[in-house]
Structures are given as structure tokens and as C-alpha cells.
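# Structural features, examined
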Amino acid sequence: MTGTLITVAPTGAEHAKPDVPNLPVTLEELVAEAKACEAAGAAMIHVHIRGADAKPTLDLRRLEETVAALRAETNLVVQLSTGGAVTDPEADRLRVLDAMPDSASCTMGTVNFGDDVFMNRWEFIVELHGRMRERRIVPEYEIFDLGQLATLHRLLDQHGLPAGEHVHVDLVMGVPGGMPGDPETLVAALRAIPAGATFSATGIGRTSLPVMLASLSAGGHLRVGMEDTVSFARGQRVRDNAQLVARAAEFASLAQRPPLSVDEVRPLLGVAQSN
Ligand SMILES: [Zn+2]
């Protein structure tokens, strides 16, 4: 692997706007952040949207408007989260696919998420995988713990390869309740990733930098963004998402694996040219 896919996750569903005033929550803020992140080296955007009250929503009309705006204003691969917030019902999470993004997240199991439970039953996973295949939406298989890689093998064995026929995994590390964000765990996860798959990794909070460096050293790709961390350094809040993307791009370039362009990422992930 000669280059690095940088995905930006600018918003998430966890942070409250009053606590993090620079979190992009309106469509205008999201598009502005997306453009800045693309210029800084991101090739894919992982999107959770917010309603007029700045709280997480899975409103289909709003999702469709978001996909359209990001396609019009950027060249980024647009990935919608099907995780929503931990309280969203399964039917609403499945309906996200009707907004027809290039890619969508597909989480491989249930995990304690701080004080909450992020529920992903086997039947739900199978339904999500199947509907993505029907719609030719490329999944990113989100892994919060090592056992979820066993679920991924079971899914691919029983239900076939995804659209694009390439498997891309995102290791989400350091969630309280999931796998720790450290190099040992990253290496353990790599042993269980399907042959031929590519992977990204992101470390939540203070595991952000160790996971980034471990992933680069292991030939992996990177996800960064304010969904995962709002702290840039000790005692220093993140200025904006582009600051995190720029740092990731700098590390990737120092590692002789500079950021991949969108045109390089689409064939890598099996995402069709949609623009
Ligand atoms: Zn997310």
C-alpha cells in the first residue's frame, strides 16, 4: 500500500453542541468543514447529521439533502453512518440507505458505549448487509471489539461479498466498553481481518495518536475527526476538523504513505464514480 486513505468523521452523535460550539451541526457548517478537510487531504467523509435542534437525527429528507450537498460541493466519497445515536430504532437505521450514499457504516456487533448500549443484533447486521448489496452501497465494516471480526467472517461466509467485492474494515478503538486503543490490540485485530481486506483505524479520545501511528506502521488507513476526539493535545481543544486531517496527512506523508486522492480511493474501495 503506497498511500493512505484519510476519512474524516466531523460530527458523530455523541457530542452536544453547547459543550463543543465548533462542532459542525448545520448543513452549511458540515459542507464548509467537508471542503476544508478535502483540501487538507481527506478522501472520504463519515457523516452523522443533526436536526434543527442540533441533536442527532436520521430524518431521510435531511439525509438526502446532505448527500446531495456534499456531492455538489466536494468530490469526497460520502459515507453515512447507519449507527445513528444509540437510541435509534433499527427501522430508522435501515432507512438511512434510502438516501443512497456511496458508502455506509455496518457495525459488526453490540458494544457497551460508555453508559449506553450500541445494539447490533445478528439479524440486523444481515439485513443491513443485504440491503447495501441490493443498492450497490459499499459498506465500511465497523469493528469495536475483536469478536466482531469473527462476526464479519461469518457474515461474508454466509451472505457473500459486499457491493464492489472489496472488504474494508474500520477499527474503532478506545471506546469505553470496546477494545483498547493500543498497538498490541491493533496487531491482534489485524490477525483476524479477512485476507485481502483493507483497514482504517481510529482511536477515541486520548488513544487517537497511538492508534494513528500504529495503523500507519501496520499499513493501515486513518480516520480522524471531532466525532472521535475534541482534544488536539493536552489542554488544547480541536480548532476544527481540518486541523485533525492536516495532522493525519502530515504523519502519513512522514511515513512515506501520503494521502490518497479521491480518484485513487474510489477504485480501492470499489465505490463507483458517482459525480
Ligand atoms: Zn460514526
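So, a few notes on the structure that sits alongside this text.

What counts and what doesn't
- Residues numbered from 1 in each chain as written.
- Predicted model: local features only at pLDDT ≥ 70, side-chain atom pairs only at ≥ 80, totals over all residues.
- Heavy atoms only, no water.
- Helix = DSSP H or I, 4+ residues; strand = E, 2+ residues; numbered from the N terminus.
- Rg over C-alpha atoms; globule rule 2.2 N^0.38 Å.
- Buried < 20%, exposed > 50% of the residue type's maximum accessible area, 1.4 Å probe, protein only.
- Contact = heavy atoms within 4.5 Å.
- Areas by Shrake-Rupley, 256 points an atom, 1.4 Å probe, with all protein chains shown as cover.
- Lys, Arg positive; Asp, Glu negative; His and termini not counted.
- Charge placed at Lys NZ, Arg CZ, Asp CG, Glu CD.
- Axes fitted to C-alpha atoms, helices over the stretch in contact; angles between N-to-C directions.
- Parallel < 35°, antiparallel > 145°, perpendicular 65-115°, else oblique.
- Left-handed = near helix turned anticlockwise from the far one by under 90°.
- Polar contact = N/O pair within 3.5 Å; in protein donor to acceptor, adjacent residues only side chain to side chain.
- Donors = N, O, S within 2.8 Å, 3.2 Å for Na, K, Ca; no water.
- Salt bridge = Lys/Arg side-chain N within 4 Å of Asp/Glu carboxyl O.
- Phe/Tyr/Trp six-rings, centres within 6.5 Å; stacked < 30°, edge-to-face > 60°.
- Core = buried A, V, L, I, M, F, W, Y, C linked by side-chain atoms within 4.5 Å.
- 1 Å grid on protein atoms, 1.4 Å probe; cavity = no way out; pocket = protein on both sides within 12 Å on 5 of 7 lines; lining within 4 Å.
- Points joined across faces, edges and corners; volume = space filled by probe spheres on them.
- Nonpolar A, V, L, I, M, F, W, Y, C, P; charged D, E, K, R; others polar.

Along the protein, the regular secondary structure elements total nine helices and 14 strands. The C-alpha atoms of the protein give a radius of gyration of 17 Å, which matches the 19 Å a tight globule of 275 residues would have. Structurally, the protein occupies a C-alpha span of about 45 × 40 × 40 Å along its principal axes. The proportion of buried residues among the 275 residues of the protein is 55%. Of all intrachain contacts in the protein linking residues separated by at least 6 positions in sequence, the fraction that spans at least 24 positions is 72%. Split by element, the accessible area of the protein, about 11,300 Å² in all, is 52% carbon and sulfur. With 24 positive and 35 negative side-chain charges, the protein shows a separation of 1 Å between the mean positions of the two kinds.

Between two packed helices, both the angle of their axes relative to each other and the distance between the axes serve to describe the pair. Contact pair helix α4 (residues 122-135) / helix α5 (residues 147-159): the axes reach a minimum separation of 11 Å and the direction vectors enclose 55 degrees. Classified by the angle their axes make, α4 and α5 are oblique. Note on packing geometry: the crossing formed by α4 with α5 is right-handed. Contact residues: α4 offers Trp122, Ile125, Val126, His129 and Arg133, while α5 offers Thr151, Arg154, Leu155, Leu156, Gln158 and His159.

It is worth spelling out the environment of Ser81 at this point. Inspection of the secondary structure puts Ser81 in the loop between β5 (77-80) and α3 (90-95). On the accessibility criterion, Ser81 (6% relative accessible area) is buried. Along the chain, Ser81 and His46 lie 35 residues apart, while their C-alpha atoms are 6.5 Å from each other. Non-local contacts of Ser81, meaning those with residues more than four positions away in its chain, are made with His46, Val47, His48, Val96 and Ser105. Within polar-contact distance, the side chain of Ser81 engages the side chain of His48 at 3.4 Å. One polar contact links the side chain of Ser81 to the main-chain amide nitrogen of Gly83, over a distance of 2.9 Å.

Further remarks concern the coordination of the zinc ion. Under perfect tetrahedral coordination by four donors, a metal shows angles of 109.5 degrees; under perfect octahedral coordination by six donors, it shows angles of 90 or 180 degrees. At this site the zinc ion is bound by His46 (NE2), His48 (NE2) and Glu227 (OE), with donor distances of 2.1 Å. Donor residues for the zinc ion sit on one chain with the sequence pattern H-x1-H-x178-E. A residue pair is termed long-range when its members are at least 10 positions apart, and His46 in strand β2 (residues 44-47) and Glu227 in the loop between β12 (221-224) and β13 (231-233) qualify at 181 residues. Here His46 falls in the buried class, since its relative accessible area comes to 0%.

So, about the pattern of salt bridges. Applying the stated criterion across every chain, the model contains 15 salt bridges. Here Asp92 ties to Arg95 by a salt bridge, and the two come within 3.6 Å at their closest N and O atoms. Here the residue Asp92 and the residue Arg95 both occupy positions in helix α3, the gap between them amounting to three residues, near one helical turn. Residue Arg95 is classed as partly exposed on the basis of its relative accessible area, which comes to 33%.

As a further point, take the packing of aromatic side chains. Tallied over the full model, the rule gives three aromatic pairs. Aromatic side chains Phe113 and Phe144 sit 6.1 Å apart centroid to centroid with 65 degrees between the ring planes, which places their arrangement in the edge-to-face category. Here the residue Phe113 occupies a position in strand β7 (residues 111-113), and Phe144 occupies one in the loop between β9 (138-143) and α5, the gap between them amounting to 31 residues. Residue classification places Phe144 among the buried residues on the basis of a relative accessible area of 3%. Ring centres of Phe118 and Phe144 lie 5.8 Å apart, and the angle between their planes is 80 degrees; this geometry places the pair in the edge-to-face category. You can see Phe118 sitting in strand β8 (residues 116-118) and its partner Phe144 sitting in the loop between β9 and α5, a full 26 residues away along the chain.

A few words on the nonpolar core. By size, the foremost hydrophobic cluster in this structure holds 38 residues, and its most contacted members are Ile45, Val47, Leu70, Leu80, Val224, Met226 and Val245. Here this core gets six residues from one element, more than from any other, and that element is helix α8 (residues 241-254). Excluding anything up to four places from it in sequence, Ile45 contacts Val8, Pro10, Leu30, Ala34, Leu70, Leu76, Val77, Val78 and Gln79. Of all hydrophobic cores here, the second largest spans 30 residues; its members include Leu97, Ile125, Met132 and Leu171.

Okay, empty space enclosed by the protein next. Evaluated as defined, the whole model comprises two cavities of 30 Å³ or more. The computed volume of the largest cavity comes to approximately 70 Å³. Lining the largest cavity, in full, are Val47, His48, Ile49, Pro56, Thr57, Leu58, Leu63, Ser81, Gly84, Ala85, Asp88 and Val96. Looking at the lining of the largest cavity residue by residue, the classes come out as seven nonpolar, four polar and one charged. Here the second largest cavity is characterised by a volume of approximately 50 Å³. If you go around the second largest cavity, the residues you meet are Ala201, Thr202, Gly203, Ser208, Val211, Met212, Leu222, Arg223, Val224, Gly225, Asp228 and Thr229. At the level of elements, β11 (198-203), α7 (208-217) and β12 are the ones that each hand at least two residues to the lining of the second largest cavity. Broken down by class, the residue content of the lining of the second largest cavity amounts to five nonpolar, five polar and two charged.

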